[in-house]
Amino acid sequence: MPENGGMAPPSRVLLVDHHDSYTANIAQLVWEVTGREPRLVQSDAVGAGDLERATHIVLGPGPGSPHHDADVGHTLEVLRRASVPVFGVCFGFQAMAVALGGSVVRAPRPAHGLVDVIDHDGTGMFAGVPNGFDAVRYHSLVVAEPAPLRVTARSRDGLPMAGEHRERRWSGVQFHPESIGSAHGARLIANFLRSGDE
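Since this is a predicted model, take the numbers as computed values, not measurements. Per chain, the residues get numbers from 1 upward, laid out in the order the sequence is written. Thresholds applied to this predicted model are a pLDDT of at least 70 for local features of residues and 80 or more for the giving and counting of side-chain atom pairs; totals over whole chains, interfaces and linings are not thresholded and use all residues. To get the side-chain values, take all heavy atoms of the structure and skip hydrogens and water.

Turning next to the pattern of salt bridges. Salt bridges are identified by distance alone: a Lys or Arg side-chain nitrogen within 4 Å of an Asp or Glu carboxyl oxygen. Within the structure shown, the criterion is met by eleven salt bridges. Close ionic contact of Asp-50 with Arg-39 constitutes a salt bridge, the shortest N to O distance being 2.8 Å. Of this pair, Asp-50 sits in helix α2 (residues 48–53) while Arg-39 sits in strand β2 (residues 39–42); the two residues are eleven residues apart in sequence, bridging distant segments of the chain. Glu-164 is paired through a salt bridge with Arg-150; the nearest N and O atoms lie 2.7 Å apart. Here Arg-150 lies in strand β7 (residues 150–155) and Glu-164 lies in strand β8 (residues 160–165), a separation of 14 residues in the sequence. Under the relative-accessibility criterion, Glu-164 is labelled buried at 9%. Burial classes: relative accessible area under 20% of the type maximum marks a residue as buried, over 50% as exposed, and values in between as partly exposed (1.4 Å probe, protein chains only). Accessibility expressed as a relative area gives 37% for Arg-150, which makes it partly exposed. Here the salt bridges share partners, and the residues they tie into one network are Arg-109, Asp-116, Arg-137 and Asp-157. Under the scheme used here, helices are H or I runs from DSSP no shorter than 4 residues and strands are E runs no shorter than 2 residues, and both carry numbers assigned from the N terminus.

Here you go:
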C-alpha cells in the first residue's frame, strides 16, 4: 500500500494562499494524493463562488498573525461560511483557533526549519500514522491554551501541534506536512480528504 494509504477519493480542493511560498508545495502534495490540481485562490480574493465549488478547503501557511486583517484576508469569513471539511496548515491552523474565539501568542522560542518529534493520539488525520514522527516547524506564534479545538498532537516541548473541531469537520497542524523533512505528509492529507465521506 502507498505511504498515503492509496489515492484519496475524487475531490475538488480549494487551496487558500496566504501569500506564502510554501503554498506551492502544499498544492503539489494535494495533487499527488488526489491526482487533481487544487484550485488556488489568494486569501484576500477568495469568494462565495470558490466555496460553492469545493468539496474540501485547505488553508495554507503565511506570514503575520491571523489577528491582523491585512494578514488573514478573507480567511475568517471562509471559515464562517465553510460547509465542507477544512484543513489548516500553520497560519491556517492558527486562523481556525481565532475563528473559534481563541488566540495565538508568541511561542516560547521561534522554530524556523526545526525538525521536531510529533506525538499524537492516533485519531482523525493521524489514523495509521506512527506516533513520534519527525515534522518540520516554521513558526514564531502558537495557538494559546486552553485551545478552542481539541488538541490531537504536541511537540516534545508540549506545544499544540494539531487539533480538530469534529462538529465543523475542521482539522489542522502547526507543522508543515508538505516539507521534505516531514514524514507522512501524504497520509495526513489523504486522511483529511477522506473526512468528507464520513
